[in-house]
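# Examining the three-dimensional arrangement
These are the residues of each chain, in order.
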Amino acid sequence: MEENWFVEAVDIRHAYGDEPSVDGVSFRIAKGEVYGLLGPNGAGKTTLIRILNTLLPPHAGDALIGGRSVRKDPASVRAQIGVCPQNLAIYEDLTGVENLVFFGRMSGLSGSAARAAADEFLGLVGLSERGRDRTRSYSGGMKRRLNLAIALVARPDLVLLDEPTVGVDPQSRNRIFDTVEALNQQGMTVVYTTHYMEEADRLCDRIMIMDRGRIVGEGTPRDLKEPLGDPAEVTLEDVFLSLTGRNLRD
Ligand SMILES: Nc1ncnc2c1ncn2[C@@H]1O[C@H](COP(=O)(O)OP(=O)(O)O)[C@@H](O)[C@H]1O
Ligand SMILES: [Mg+2]
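In this text, all values refer to a predicted model and were calculated from it rather than measured experimentally.

Definitions and cut-offs
- Residues numbered from 1 in each chain as written.
- Chains lettered and ligands numbered in written order.
- Predicted model: local features only at pLDDT ≥ 70, side-chain atom pairs only at ≥ 80, totals over all residues.
- Heavy atoms only, no water.
- Helix = DSSP H or I, 4+ residues; strand = E, 2+ residues; numbered from the N terminus.
- Rg over C-alpha atoms; globule rule 2.2 N^0.38 Å.
- Buried < 20%, exposed > 50% of the residue type's maximum accessible area, 1.4 Å probe, protein only.
- Contact = heavy atoms within 4.5 Å.
- Areas by Shrake-Rupley, 256 points an atom, 1.4 Å probe, with all protein chains shown as cover.
- Phe/Tyr/Trp six-rings, centres within 6.5 Å; stacked < 30°, edge-to-face > 60°.
- Lys NZ or Arg CZ within 6 Å of the ring centre and 35° of its normal.
- Polar contact = N/O pair within 3.5 Å; in protein donor to acceptor, adjacent residues only side chain to side chain.
- Near = heavy atom within 4 Å.
- Nonpolar A, V, L, I, M, F, W, Y, C, P; charged D, E, K, R; others polar.
- Expected span 1.5 Å × (residues − 1).
- Donors = N, O, S within 2.8 Å, 3.2 Å for Na, K, Ca; no water.

## Considerations on the overall build of the protein
Helix and strand counts for the protein come out as nine helices and 10 strands. A globule of 250 residues ought to have a C-alpha radius of gyration of about 18 Å, and the protein, at 18 Å, matches this closely. Scored against the burial criterion, the 250 residues of the protein give a buried share of 50%. Taking contacts inside the protein between residues at least 6 apart in sequence as the whole, the part at least 24 apart equals 66%. Only carbon and sulfur atoms are counted for the fraction: they give 47% of the accessible area of the protein, which is about 11800 Å².

## Notes on the packing of aromatic side chains
With the rule as written, the count across this model stands at four aromatic pairs. Relative to Phe-102, the ring of Tyr-91 lies with its centre 5.4 Å away and its plane at 90°, an arrangement referred to as edge-to-face. Remark: Phe-102 occurs in helix α3 (residues 96-106) and Tyr-91 occurs in the loop between β6 (81-84) and α3; sequence separation between them is 11 residues. The class of Phe-102 is partly exposed, set by a relative accessible area of 32%. Between Phe-102 and Phe-103, the aromatic rings sit 5.2 Å apart at their centres with planes inclined by 80°, giving edge-to-face as the arrangement. Cluster of aromatic residues (ring-pair linked, three or more members): Tyr-91, Phe-102 and Phe-103. Over the ring of Phe-6 we find Lys-31; its NZ or CZ atom is 4.1 Å from the centre of that ring. Over the aromatic face of Tyr-196 sits the side chain of Arg-173, whose NZ or CZ is 4.1 Å from the ring centroid.

## Some remarks on the environment of Arg-214
Mapped onto the secondary structure, Arg-214 falls in strand β10 (residues 214-219). On the basis of relative accessibility, which here comes to 47%, the residue Arg-214 falls in the partly exposed class. Expressed as a C-alpha distance, the spacing of Arg-214 and Gly-44, which sit 170 residues apart in the sequence, is 8.1 Å. The residues contacting Arg-214, other than those within four sequence positions of it, are Asp-23, Val-25 and Ile-209. Side-chain polar atoms of Arg-214 contact the side chain of Asp-23, separated by 3.0 Å.

## A word on the site of ligand 1
If you check the shell around ligand 1, you find Tyr-16, Ser-21, Pro-40, Asn-41, Gly-42, Ala-43, Gly-44, Lys-45, Thr-46 and Thr-47 and nothing else. Within the contact set of ligand 1, an oxygen atom lies 3.0 Å away from a backbone nitrogen or oxygen of Gly-44. In isolation ligand 1 exposes 560 Å². Once the protein is present, 56% of that is buried. Among the residues forming the shell around ligand 1, the class breakdown is three nonpolar, six polar and one charged.

## Regarding helix α5 (residues 140-152)
Over its 13 residues, α5 extends 19 Å from the first C-alpha to the last, a length consistent with the 18 Å expected when each residue adds 1.5 Å. When you tally the buried positions in α5, you get 12 out of 13 residues, the bulk of the element. Taken as a whole, α5 has its buried residues at Gly-141, Met-142, Lys-143, Arg-144, Arg-145, Leu-146, Asn-147, Leu-148, Ala-149, Ile-150, Ala-151 and Leu-152.

## Digging into the coordination of the magnesium ion (ligand 2)
Protein-derived ligands of the magnesium ion (ligand 2) are Thr-46 (OG1) and Gln-86 (OE1), with the metal-ligand distances lying across 2.0 to 2.2 Å. Of this pair, Thr-46 sits in helix α1 (residues 45-52) while Gln-86 is found in the loop between β6 and α3, placing the two residues 40 residues apart along the sequence. By relative accessible area, Gln-86 is classed as partly exposed at 30%.

What follows is the structure, given as structure tokens:
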């Protein structure tokens, strides 16, 4: 099968100290896919996302995004991606609209395009009515939804979402899902990091399961479930526990 790979990562390695945090990871993501990144705490998911978004250079290996190398051409990589970081990255002294206009402008939108996109994406994440308020007054779920809108506002080809639903209520979580699904239907490629299994099962075309910096499983949810029994009965949680074990991680 001819595939149109949008992300091609080969043997990525990184260590903050002596212990590797990403230990020889290779994968490919097709244009238009929703690709899940699952793993226990400390698996290396955020490190891998930081390498893909050019915040952290890999110690070995490389990733091509739209054919551009994160090592050699980070500016071209950044121009194609939107990032929703695990730790909120919003300005609390600015309103929701001002945050979106600011990040839209940073991504190269003109002033009028940024203002139009700000209104559109505020609506998409259900924040139109609070868009003129400073984000300091937002609830946790509202901040998460804005954090997502910021990643999307310039309509990047690829969006990297690092635990976008952590600690939010079910309504915010559903709105985040619906937003990701809507943008994906318009052709955006998505990398979705989570440790909520049912989210990954619902959203992702394919999933990589990481543990201790390595890939321990990869495939469609169905592919991953099949070795354990009837895919209609097996959950992704069963797969996850069988691949990563039951020991708690911190
Ligand atoms: N800034 C850092 N300095 C030192 N070690 C780090 C740093 N960030 C992460 N680590 C370590 O790297 C490993 C992978 O962490 P991380 O990529 O955050 O995993 P995940 O996102 O899957 O929870 C962990 O062992 C973590 O303690
Ligand atoms: Mg993380």
